[in-house]
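Survey of secondary and tertiary structure
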Amino acid sequence: MDPAREPLAGGGLQRRPAAAARAGGPPQDQPPRGQRAIHADVDPQPRPWPWMQKVAILAIVVLGCLQFLPATHFRDPNDPHRNWIPMDRSRNPTDSSNVVGSVDVFSWISCLDLRTLVVLTNSTLSSSSDPQNVSFHFLIPEGGNDKSPYYKLKVVLPDSDLTVTSQRQIKDKLNVATPEGNFLWSFHKELSPLLIAKSQLSKKRYLYISADSIVKGKIEDLGRMDLGTYAIAATEDCSKRFGDLVSMDVLSAIQRAAPKSLVSKEPYDMDACLLDFDVLLVEPRKLEKNLVESIKWWAGVVNVANPKDHIRLAIALALYDKYLKLPLIWKRADANADILNYDGPNKVCSEDGRQQEQSSYGDNWKQYLHQKSEAILNA
């Protein structure tokens, strides 16, 4: 048969293409030698190489593990360009979240007087260079109604970022049925700056300022201060020192016999000052887990006649060499300081709960409280 012709289905012959005929190759509708023809309506889809699935799984696992590597850069939320900033590894990594962000101010008030809270807020915001990033959290007596004070404050301070919380919520979270919770609540006035962290009301850095204060300095300079390895920064009250309240021979004997985790490694200095809890900067994540236990232990082994001095000494002994001393300018005073004592009229509560009006002794407060506002607060 002529190689240039091929049979037809009806019996005849048709001429093959000359190139194919000369090469003796297969017809055009057949695949080249070594390859198999694929018929979409009959043959299954080609299977991928088995090792490709293992490579894909391995890539997913590797990418997932990368998420656990420490961060190397961060972005400042106040930066409009959202540029990436390298982290400084020489600093404690827990401080990275405190380089930027808002300043949270907490204040505990034992005898509710909204005038002092308004003066504290207005003075702080008027002195700040970054007032939009300052927030206030007021803790009012547990028997009070936190809704009415909140609405009054928002009428007088419409643009401020503030919350009002009943102290009852903190008491409930402390679980006063436990020895630690009962101890904390027994001295809640003196330990109020630490109750905020222990009750988990705040898990990030906060600044505690006594409610009867007038802030003249830039609060962001204080709130964003570098704490280094410390959990607390505080001013000192040197009106009374260790040697004024306890025998140093007794203190040395207690230190030698006490559990090492509850006492200082260094000898106590008789001229050491007490802590001033009117202004306190706290980093909750750095607080020692046994801090409350240490304060409670010291309160049980030292004996001071004045109950207030007793707990203040216990706090100072538990925090000896464990806090950063704030500059003296941040110590609250009547003049020449970045935080002044509130000098306006205020309410004073007696032990039986009755309130008495105490008259003012200065004029600083008038800069931050308008008469119309005072009428709204007293309504």
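What you see is a predicted model, and the numbers here were worked out from it, not measured in a lab.

A separate point is the side chain of Glu374. Structurally, Glu374 can be placed in helix α13 (residues 371-378). Residue classification places Glu374 among the buried residues on the basis of a relative accessible area of 19%. Discounting chain neighbours no more than four positions away, the residues touching Glu374 are Arg115, Pro345, Trp365 and Leu369.

With that settled, consider the state of the cysteines. Under the defined criterion, the tally for this structure stands at two disulfides. The partner cysteine of Cys111 in its disulfide is Cys349, sulfur to sulfur 1.8 Å. Linking Cys111 and Cys349, the disulfide has an S-S dihedral of approximately 70 degrees and is accordingly described as right-handed. Here Cys349 lies in strand β14 (residues 346-349) and Cys111 lies in the loop between β5 (103-108) and α3 (114-127), a separation of 238 residues in the sequence. Given the relative accessible area of 31%, Cys349 is considered partly exposed. The side chain of Cys238 participates in a disulfide bridge whose partner is Cys273; the two sulfur atoms lie 1.9 Å from each other. Its S-S torsion of about 95 degrees marks the bond between Cys238 and Cys273 as right-handed, since a negative value means left-handed.

Moving on, we come to unusual backbone geometry. The phi angle at Asn175 is positive, at roughly 55 degrees, despite the residue not being glycine. Position of Asn175 relative to the elements: it lies in the loop between α5 (167-174) and α6 (179-186). For Asn175, a relative accessible area of 40% gives the class partly exposed. At Asp321, a position not held by glycine, the phi torsion is positive, near 60 degrees. Relative to the helices and strands, Asp321 resides in the loop between α12 (307-318) and β12 (324-325).

Take the confidence of the model for the chain next. Interpreting fine coordinate detail is not advised for predicted regions of low pLDDT. Confidence in the prediction of the chain, expressed as mean pLDDT, is 83, and 79% of residues score 70 or more. Low pLDDT, under 50, characterises residues 18-23; the stretch is placed with four contacts to residues that sit more than four places away or in other chains.

Evaluated as defined, the whole model comprises 10 aromatic pairs. Centre to centre, the rings of Tyr268 and Trp298 are 5.8 Å apart; their planes meet at 85 degrees, and the pair counts as edge-to-face. Placement of the pair is Tyr268 in the loop between α10 (248-257) and β11 (273-282) and Trp298 in helix α11 (residues 291-301), with a sequence separation of 30 residues. Linked through ring pairs, Phe242, Tyr268, Trp297, Trp298 and Tyr320 together constitute an aromatic cluster.

This part is about the side chain of Arg115. Checked against the element boundaries, Arg115 lands in helix α3. Apart from the residues lying within four places of it in its own chain, the contact partners of Arg115 are Tyr342, Pro345, Asn346, Lys347, Glu357, Leu369, Glu374, Leu377 and Asn378.

On to the packing of α6 against α11. Close contact between α6 and α11 brings their axes to 11 Å; oriented N to C, the two are set at 70 degrees. By the criterion of interaxial angle, the relationship of α6 to α11 is roughly perpendicular. Between α6 and α11 lies a crossing whose hand is left-handed. Counted together, Pro179, Glu180, Phe183 and Leu184 of α6 and Val292, Ile295, Lys296 and Ala299 of α11 form the full contact between these two elements. Across the contact of α6 with α11, the residue classes tally to six nonpolar, no polar and two charged.

Glancing now at the pattern of salt bridges. According to the stated counting rule, one finds 16 salt bridges in the structure shown. Here Glu357 makes a salt bridge to Arg115, at a shortest N to O gap of 2.9 Å. One end of the pair, Glu357, is in strand β15 (residues 355-358); the other, Arg115, is in helix α3, with 242 residues separating them in the sequence. Residue Arg115 is classed as buried on the basis of its relative accessible area of 3%. Taking the shortest distance from any N to any O, the salt bridge between Glu180 and Lys198 comes out at 3.6 Å.

Now for the environment of Gly223. You can see Gly223 is positioned in helix α8 (residues 219-223). Under the relative-accessibility criterion, Gly223 is labelled buried at 8%. On a C-alpha basis, the gap between Gly223 and Leu281 in space is 6.8 Å, while along the polypeptide they are 58 residues apart. Excluding its chain neighbours within four sequence positions, the residues that come into contact with Gly223 are Val103, Arg205, Leu207 and Leu281.

Attention now moves to α3. Three- or four-residue spacings in an α-helix give side chains the same orientation, since the helix completes a turn every 3.6 residues. Between its first and last C-alpha atoms α3 spans 20 Å; for 14 residues at 1.5 Å apiece the expected length is 20 Å, and the two agree. Buried residues dominate α3, accounting for 11 of its 14 residues. When we look at burial in α3, the residues that qualify are Leu114, Arg115, Thr116, Leu117, Val118, Val119, Leu120, Thr121, Ser123, Thr124 and Ser127.

What follows is about α13. The complete set of buried residues in α13 reads Ser373, Glu374 and Leu377. Each buried residue of α13 sits inside an arc of 100 degrees when the element is viewed along its axis, so together they form one side. In α13, the exposed positions angled more than 90 degrees off the buried face are occupied by Gln371, Lys372 and Ala375. Packing partners of the buried residues in α13 comprise α3 and α4 (147-156).

What follows deals with the sheet that holds strand β6 (residues 134-140). Ordered by their spatial adjacency, seven strands build an open sheet running β7-β6-β5-β8-β11-β10-β12, and the pairing between neighbours is mixed. Among the strands making up the open sheet, the edge pair consists of β7 (161-166) and β12. Here four bridges tie strand β8 (residues 206-209) to β11, and the two strands are oriented antiparallel to one another. Bridged to Tyr206 within β11 is Val282. The strands that α4 touches are β6 and β7; relative to β7, the one it contacts most, it runs at about 160 degrees.

Criteria and cut-off values
Within any chain, residue numbers begin from 1 and follow the written order of that chain's sequence. This being a predicted model, a pLDDT of at least 70 is required before a residue's local features are given, and a value of 80 or more before pairs of side-chain atoms are given or counted; all residues contribute to the totals for chains, interfaces and linings. Each side-chain value is worked out from all heavy atoms of the structure, with water and hydrogens disregarded. By the criteria applied, helices consist of DSSP H or I runs no shorter than four residues and strands consist of E runs no shorter than two, each listed in order from the N terminus. Exposed residues in this analysis have more than 50% of their type's maximum accessible area, buried residues have under 20%, and partly exposed residues fall in between, with area computed by a 1.4 Å probe over protein chains only. Note on contacts: a residue pair is in contact if any heavy atoms of the two residues lie within 4.5 Å. Only a pair of cysteine sulfur atoms within 2.5 Å qualifies as a disulfide here. Confidence scores here are pLDDT values: one per residue, from the predictor, ranging 0 to 100. Each Phe, Tyr or Trp ring, with Trp reduced to its six-membered ring, pairs with another whose centre is within 6.5 Å; inter-plane angles below 30 degrees give stacked pairs, above 60 give edge-to-face pairs, and intermediate values give tilted ones. Note on geometry: axes are C-alpha line fits, over the in-contact stretch for helices, and angles between N-to-C directions span 0 to 180 degrees. To sort the angles, those under 35 degrees are grouped as roughly parallel, those over 145 as roughly antiparallel, those from 65 to 115 as roughly perpendicular, and the leftovers as oblique. In a left-handed crossing the near helix is turned counterclockwise from the far helix by less than a right angle, and in a right-handed crossing that turn is clockwise. Classes in brief: Ala, Val, Leu, Ile, Met, Phe, Trp, Tyr, Cys and Pro nonpolar; Asp, Glu, Lys and Arg charged; the others, Gly included, polar. Put simply, a salt bridge is a Lys or Arg side-chain nitrogen that is within 4 Å of an Asp or Glu carboxyl oxygen. Take the number of residues in a helix, subtract one, and multiply by 1.5 Å to get its expected span. What the arc describes is the spread of directions from the helix axis to the C-beta atoms. Here the rule is simple: two strands pair whenever DSSP picks up at least two bridges between them.

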